[in-house]
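Each chain, written out:
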Amino acid sequence: MTRTRAPRELRLRSYAKVNLGLEVLGTRADGYHELRTLFQTVDLHDDIGFRPTRKDIAVVCAHPAVPEDETNLAWRAAEALRRYTKTAGGVEIHIEKRIPVAGGLGGGSSNAAVTLLALDRLWGTRLGIDGLQPLARRLGADVPYFLFGGTALGLARGDEIYPLRRQVKAHLVIVDPGRPVSTAAVFARVDASLTPRENSNTIFRFVSRDLEGKEAFPVLANDLERAALEEAPDLARVVGRIRDALVREGALLASLSGSGSSYFGVFDDAERARRAHAALVSRGFAVHRCRTLSLDQYRNAWTHALGYDWRGARK
Ligand code: C5P
């Protein structure tokens, strides 16, 4: 693919993820937890505009729960790339938030990955996906996944990413109970209930195609769910109602995403998803109906938006 000159501004979509499954295997020497998780991007997204400036990094976001200072992960991503590449310029980053904040949907991590990709193009730093990987890891455990998207296995801290041949295609109904939970607090709580997981093989069974189609989903589970519900007892009360509505409409899987608090249902049928969505809306919940985004769809979105091969300029 021929490379065109860097554009002056970029406006990109920053997609959300769910964890279709998540196994906590133990604690690590670095204080994090050893994970085995199945990531999936969905077409629920924020919109982010990037405009290069002479010097400063600035974030603008109207959402009250999103910081505009240097604690914003997109701000930190820009600063990390600028330092690493000794770039002199700045950037104005406009975030239109749609992904629930602190909801286990990776919104902040996705914004950070998008920022790395966009600025690598706008600033002409040409690190490409491989070069951005170490920067992404330092920003957060979920950030590297968003350089790939689609259905992917996450190992180690969840930051060692293996895109899968088997790409899940499904309809999702995601409920935001509006009760943010702290990821660190949920992980701290999980230690108390951690049991040896040598025999755990649910994600391996899913990945190895031991189970096909619909059969595959019920084996998946999220080890953080119990800890998250213990951490937030008021969340536990509403989750029961959300789960019931999803299962009643035929969800193949109903689960907490990440450390919560978003709860989602997976459907193989658009009509069932529509009914579940309507049922939950009528009960007063904030609900998003969306579809999975495959590795190719995610990659194509980048190729198109960045105007060159998404792997970067080292081709
Ligand atoms: O990497 P990130 O900042 O997103 O992680 C937030 C918190 O979640 C960490 O500070 C840590 O307490 C916890 N965590 C963990 N093990 C992981 C990922 C996150 O303990 N694999």
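Residues numbered from 1 in each chain as written. Predicted model: local features only at pLDDT ≥ 70, side-chain atom pairs only at ≥ 80, totals over all residues. Heavy atoms only, no water.

Trainee: So what's going on with the pattern of salt bridges? Residues and values would help.
Mentor: As enumerated under the stated definition, the model contains 18 salt bridges in all. Between glutamate 92 and arginine 51 there is a salt bridge; the shortest N-O distance is 3.1 Å. Of this pair, glutamate 92 sits in strand β4 (residues 90-96) while arginine 51 sits in strand β2 (residues 33-53); the two residues are 41 residues apart in sequence, bridging distant segments of the chain. The class for glutamate 92 is partly exposed, based on a relative accessible area of 22%. (Salt bridge = Lys/Arg side-chain N within 4 Å of Asp/Glu carboxyl O. Helix = DSSP H or I, 4+ residues; strand = E, 2+ residues; numbered from the N terminus. Buried < 20%, exposed > 50% of the residue type's maximum accessible area, 1.4 Å probe, protein only.)

Trainee: Tell me what's going on with the packing of aromatic side chains, and back it up with residues and numbers.
Mentor: Inspection of every chain in the model, using the stated rule, returns 5 aromatic pairs. Between the aromatic rings of tyrosine 15 and tyrosine 298, the centroid separation amounts to 5.9 Å while the plane-to-plane angle is 55°, which identifies the pairing as tilted. Placement of the pair is tyrosine 15 in strand β1 (residues 10-27) and tyrosine 298 in helix α9 (residues 295-306), with a sequence separation of 283 residues. In this pair, the class of tyrosine 15 matches that of tyrosine 298, namely buried. Ring-pair connections join several aromatic residues into one group, and the members of that group are Tyr15, Tyr298 and Trp302. The ring of tyrosine 32 has arginine 157 lying over it, and the distance from NZ or CZ to the ring centre is 4.3 Å. The ring of phenylalanine 206 carries the charged tip of arginine 166 above its face, separated from the ring centre by 4.3 Å. (Phe/Tyr/Trp six-rings, centres within 6.5 Å; stacked < 30°, edge-to-face > 60°. Lys NZ or Arg CZ within 6 Å of the ring centre and 35° of its normal.)

Trainee: Pulling in residues and values, what's your account of unusual backbone geometry?
Mentor: At the junction of glycine 260 and serine 261, the peptide bond is cis and its omega measures out at 15° in the coordinates. Phi is positive for lysine 86, which is not a glycine, with a value near 55°. With respect to the helices and strands, the residue lysine 86 is situated in the loop between α1 (73-85) and β4. Relative accessible area serves as the criterion here: at 74%, lysine 86 is assigned to the exposed category. Not every positive phi belongs to a glycine, and arginine 126 is a case in point at roughly 55°. By the element assignment, arginine 126 lies in the loop between α2 (107-122) and α3 (128-139).

Trainee: Describe α3, listing the residues and the values that go with them.
Mentor: Between its first and last C-alpha, α3 extends 17 Å over 12 residues, near the 16 Å set by a 1.5 Å rise per residue. In this structure, the buried side of α3 is in contact with α1 and α2. (Expected span 1.5 Å × (residues − 1). Contact = heavy atoms within 4.5 Å.)

Trainee: Break down the layout of surface pockets for me, with residues and values.
Mentor: Reported here for the largest pocket is a volume of approximately 1000 Å³. Along the walls of the largest pocket sit 43 residues, with Leu73, Gly106, Ser109, Asp142 and Thr183 positioned nearest its centre. Looking at the lining of the largest pocket, the elements that each hand over two or more residues are β1, β2, α1, α2 and α4 (183-193). Residues of the lining of the largest pocket, tallied by class, amount to 20 nonpolar, 18 polar and 5 charged. (1 Å grid on protein atoms, 1.4 Å probe; cavity = no way out; pocket = protein on both sides within 12 Å on 5 of 7 lines; lining within 4 Å. Points joined across faces, edges and corners; volume = space filled by probe spheres on them. Nonpolar A, V, L, I, M, F, W, Y, C, P; charged D, E, K, R; others polar.)

Trainee: Hey, could you go over the domain arrangement of the protein for me, with residue numbers and the actual values?
Mentor: Taken domain by domain, the protein holds domain 1 (10-165 + 301-306) and domain 2 (171-291). A C-alpha centroid distance of 23 Å is found between domain 1 and domain 2. Both sides of the domain 1 and domain 2 interface together cover about 2500 Å² of buried area, and 66% of this is carbon and sulfur. Taken as a group, Leu20, Leu22 and Val24 account for 22% of the area that domain 1 buries against domain 2, more than any other trio of residues on that side. Counting every contact that joins domain 1 to domain 2 gives 0 salt bridges. On the surface where domain 1 and domain 2 come into contact, there are 11 residue pairs in polar contact (both at pLDDT 80 or more). Listing elements by their share of the side of domain 1 that touches domain 2, those giving two or more residues are β1 and β2. For the side of domain 1 that touches domain 2, the leading source of residues is β1, giving 11 residues. Looking at side-chain class alone, the side of domain 1 that touches domain 2 contains 15 nonpolar, 9 polar and 5 charged residues. (Domains from an automatic or database assignment. Buried area = accessible area lost by both parts, 1.4 Å probe. Polar contact = N/O pair within 3.5 Å; in protein donor to acceptor, adjacent residues only side chain to side chain.)

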